[in-house]
Amino acid sequence: MKYQKIFLLQLTCLFLITSSLFSQNKTKKVTSKIEKVIVFSEGAQVTRKAKASFELGKTELVFQGISPKIDKQSLQVKGIGSFTILSVIHQNNFLNTQQHREEISSLEADKRNWELKKTTETNVLSILQNEENILAKNQVVGGTNSGLKTIDLKEAVDFHRQRLIDLVKKKTEVSQKISAIDSTLVKLDKQLKALNSSDESATSDIIVTVSANTAITDATFEINYYVFDAGWYSNYDLRVEDVNNPIDLLFKANIFQSSGEDWKDVKMVISSGNPTESGLAPTINPWYLNLNQRRASQSSVQAYGQLIGNTVSGTVSDTYGPIPGVSVIVKGTTIGTTTDFEGNYTIKVPSINSQLVFSYVGSQKIVNARNKVINVVLEPVAMEEVVVVAGYSSKKSKRNREEDDNDSSIPMETSVAYQPTTISYEIQVPYTVLSDGKVYTAEIKTFNLPAQYQYLSIPKIDASAYLTAKITDWQDLNLFDGELNLFFEGAYLGKSLLDLQNAADTLEISLGKDKGISIARKQMKEYKSKQFLSNYKTESRAFEISVKNNKPYPVEIIILDQLPISATKEITVDDEEYKEGTLAEETKIVTWKLNLPSKTEKKLNMKYKVKSPKNSSLILD
């Protein structure tokens with residue numbers, strides 16, 4: 001009897017231990033769906049939602065198919081129900097690979113088949129080469145002591161020669177097949193590169209450990225995280241019918257991502273925020289003066305309004321050659337573009353102090369935009385494999401859930417930090433952006449903007465008339481920086497730049513050159529003279545600027561020129577003449593404001609004399 005009690009007690013303990021271990025190791029896979037994506041200029045915030053049921057005790061809920069490119073500090077899990085979230089773990093899953101698009105999978109299958117064909121033909125070529133080597137080593141040698149009759153020797157030599165000829169022909173045919181296969185493989189590689197299929201095929205799991213006092217049948221989860229390798233940039237189509245009509249401005253968002261998960265039919269928002277930037281306000285330190293201090297030289301773009309912008313171009317490549325589809329973004333702005341099929345790009349930057357961010361499927365490089373041509377070689381960036389973050393808990397009573405079903409256990413810090421300072425647009429229909437790095441262009445909004453049109457020309461530098469549009473109250477339009485595709489009177493004029501960071505109360509947009517206005521600046525030979533008096537000389541110059549309006553309507557145009565400024569007392573500038581113009585005394589810039597009727601021409605004149613030492617050399621033209 002005593003032994004029976006001991007046996008029953010041991011059996012009970014074993015049962016309890018087994019039950020406890022079983023309850024601690026319960027694991028359940030949960031299917032989640034991406035509901036919303038906020039795309040920033042760099043990266044994106046993804047919101048997933050899921051429903052789950054689980055038994056009392058501890059349960060590990062495994063959310064699979066998550067992007068492997070998560071910022072570990074951004075992962076947040078919110079749960080609604082009578083349970084507690086004990087921990088949240090994020091880890092890569094190399095067994096559960098990403099779903100490739102059908103087009104990419106088909107191309108990869110074709111590539112494997114062609115590689116098998118190449119292997120077969122290479123082996124055939126090797127066999128033929130071996131046979132040729134055997135024949136070369138066993139050539140028939142005839143002579144008086146060979147024991148072969150002349151006719152037999154002739155037949156052996158003929159056979160040997162014909163066999164070698166056949167081998168050469170077959171080797172040539174096989175080599176041609178291998179060459180054709182290589183050509184096909186190159187094309188397949190280029191097409192796969194154009195589709196931006198990523199070498200990163202792993203997904204990741206989010207493991208949420210929950211504890212419940214009762215069985216849960218209606219738990220709701222919301223998972224938020226920030227992913228890399230995503231972003232957007234803006235550009236515009238700007239159309240002007242003529243200077244008597246307002247501007248039509250079409251705002252477009254170019255969205256791209258290669259995060260490892262497809263965004264299919266999701267609620268999508270584009271935001272000017274950038275969570276990678278520091279949110280800390282700057283501080284100022286005491287300013288101390290020392291002897292012989294030198295001021296660092298700062299270079300900037302010389303421009304009138306937005307007429308002159310730095311254009312940077314180049315090629316992006318890796319160890320295999322040019323890369324198409326690389327995103328090129330001006331850091332801190334929404335100005336951007338992508339490389340074409342040959343890896344080439346062209347982008348306008350606000351200033352030469354700008355930085356360009358080159359991003360492509362796991363690679364990123366930041367370059368100072370201080371040259372007109374910038375060629376970039378990208379290298380792959382290693383991904384962190386396992387990330388563990390602190391857990392968050394969410395426990396609600398039934399009464400609390402009824403009072404506030406939307407309450408969250410963790411606030412979204414990034415979103416809250418940037419909400420007061422960002423502009424966001426929500427795409428009204430469900431939108432899809434696949435994880436292929438390709439640019440998906442969404443037309444966001446059309447603006448019809450009243451504008452004051454004005455032409456500008458500096459014929460001393462460029463004898464062209466640049467059309468500018470001046471827009472007031474633009475701050476209420478919620479615009480972004482971006483490149484402009486210019487269309488004037490139905491013709492494409494090229495690109496310009498919408499640089500809002502350097503804009504004044506009146507937004508000036510350059511619409512490019514207008515061939516309908518002819519401008520010429522010439523030196524008047526009859527006024528050019530040089531006189532010598534004692535140790536000094538006096539030189540005279542005169543210029544004529546002709547402006548002709550060939551358009552069917554009147555135009556307003558500003559002409560700029562300049563008089564020289566003496567930087568030393570030995571040089572004097574006299575007899576300045578600039579009829580109908582206005583002179584800025586400090587800069588000596590002359591401004592003519594003309595209202596020029598259709599089919600009319602106006603001539604402007606400017607004269608001056610310069611007195612300088614006899615042996616001096618001056619540039620006066």
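Scope of this entry: the structure provided in the associated data block. (Residues numbered from 1 in each chain as written. Predicted model: local features only at pLDDT ≥ 70, side-chain atom pairs only at ≥ 80, totals over all residues. Heavy atoms only, no water.)

As for the nonpolar core
Right, so step 1: Counting residues in hydrophobic clusters, the biggest one holds 92 residues, and the most contacted among them are Phe221, Ile255, Trp263, Met268 and Tyr455.
Right, so step 2: Broken down by element, this core gets its largest block of residues, 6 residues, from strand 8 (residues 216-227).
Right, so step 3: Among all residues touching methionine 268, those that are not within four sequence positions of it are Val37, Val39, Ile255, Trp263, Tyr425, Glu426, Ile427, Tyr431 and Val433.
Right, so step 4: Listed in part, the 20 residues of the second largest apolar core include Val316, Val328, Tyr345 and Tyr360. (Core = buried A, V, L, I, M, F, W, Y, C linked by side-chain atoms within 4.5 Å. Buried < 20%, exposed > 50% of the residue type's maximum accessible area, 1.4 Å probe, protein only. Helix = DSSP H or I, 4+ residues; strand = E, 2+ residues; numbered from the N terminus. Contact = heavy atoms within 4.5 Å.)

Topic: the packing of aromatic side chains
Each aromatic ring pair is described using two quantities: the centre-to-centre distance and the angle formed by the ring planes.
Right, so step 1: Counting across every chain of the model gives 15 aromatic pairs.
Right, so step 2: Look at tryptophan 232 and phenylalanine 251: their rings are 6.4 Å apart centre to centre, the planes differ by 65°, and that puts the pair in the edge-to-face class. Of this pair, tryptophan 232 sits in strand 9 (residues 230-240) while phenylalanine 251 sits in strand 10 (residues 247-257), placing them 19 residues apart in sequence.
Right, so step 3: By relative accessible area, which is 0% here, tryptophan 232 ends up buried.
Right, so step 4: An aromatic cluster is defined as three or more aromatic residues linked by ring pairs; in this entry it consists of Trp232, Tyr236, Phe251, Tyr425 and Phe480.
Right, so step 5: The lysine or arginine in question, arginine 521, covers the ring of phenylalanine 543, its NZ or CZ lying 4.1 Å from the ring centre.
Right, so step 6: Here lysine 611 stacks its cationic end above the ring of tyrosine 536, 5.2 Å away from the centre of that ring. (Phe/Tyr/Trp six-rings, centres within 6.5 Å; stacked < 30°, edge-to-face > 60°. Lys NZ or Arg CZ within 6 Å of the ring centre and 35° of its normal.)

Section: the environment of glutamine 452
Right, so step 1: Inspection of the secondary structure assignment puts glutamine 452 in strand 24 (residues 452-458).
Right, so step 2: Look at glutamine 452 and you get partly exposed, because its relative accessible area is 44%.
Right, so step 3: With 20 residues separating them in the primary sequence, glutamine 452 and threonine 472 have C-alpha atoms 9.0 Å apart.

Overview of the pairing of strand 31 (residues 536-549)
Right, so step 1: Among the 14 residues of strand 31, 11 are classified as buried, and the element is accordingly described as predominantly covered.
Right, so step 2: As paired strands, strand 29 (residues 517-523) and strand 31 are joined by 7 bridges and run antiparallel to one another. Bridge assignment links alanine 520 to a residue of strand 31, and that residue is serine 546.
Right, so step 3: In terms of strand pairing, strand 31 meets strand 36 (residues 600-613) through 14 bridges, oriented antiparallel. Its bridge partner being in strand 36, valine 547 is matched across the sheet by lysine 602. (Pairing = 2+ DSSP bridges.)

Here's the deal with the pattern of salt bridges
Right, so step 1: Under the definition given, this model contains 18 salt bridges.
Right, so step 2: With a closest N to O distance of 3.8 Å, glutamate 55 and lysine 26 form a salt bridge. Highlighted residues: glutamate 55 in the loop between strand 3 (44-54) and strand 4 (57-66) and lysine 26 in the loop between helix 1 (2-24) and strand 1 (27-30), separated in sequence by 29 residues.
Right, so step 3: Residue lysine 26 is classed as buried on the basis of its relative accessible area of 13%. (Salt bridge = Lys/Arg side-chain N within 4 Å of Asp/Glu carboxyl O.)

Structural notes on the sheet that holds strand 14 (residues 327-330)
Right, so step 1: With respect to topology, 4 strands assemble into an open sheet ordered 15-14-17-18, the strand pairing being antiparallel. The open sheet terminates on both sides in strands that have one partner only, identified here as strand 15 (336-338) and strand 18 (363-368). On average, each strand axis in the sheet is tilted by 20° relative to the strand beside it, whichever way the strands run.
Right, so step 2: In terms of strand pairing, strand 14 meets strand 17 (residues 355-360) through 4 bridges, oriented antiparallel. (Axes fitted to C-alpha atoms, helices over the stretch in contact; angles between N-to-C directions.)

Brief notes about the sheet that holds strand 9
Right, so step 1: Spatial ordering of the open sheet is given by 23-10-9-26-27, a layout of 5 strands whose pairing is mixed. Edge positions in the sheet fall to strand 23 (440-449) and strand 27 (491-498), since each has one partner strand and no second. Between one strand axis and the next, the sheet turns by 20° as a mean value, whatever way the strands run.
Right, so step 2: Relative to strand 27, strand 26 (residues 482-488) runs antiparallel, the two sharing 7 bridges.

Section: unusual backbone geometry
Right, so step 1: Look at glutamate 489: it is not a glycine, yet its phi comes out positive at around 55°.
Right, so step 2: On the basis of relative accessible area, glutamate 489 is assigned to the partly exposed category, the value being 39%.
Right, so step 3: Residues other than glycine seldom take positive phi values, yet lysine 588 does so here, at roughly 60°.
Right, so step 4: With respect to the helices, strands and loops of the structure, lysine 588 is situated in the loop between strand 34 (582-584) and strand 35 (589-596).
Right, so step 5: In this structure lysine 588 comes out as buried when scored by relative accessible area, which is 15%.

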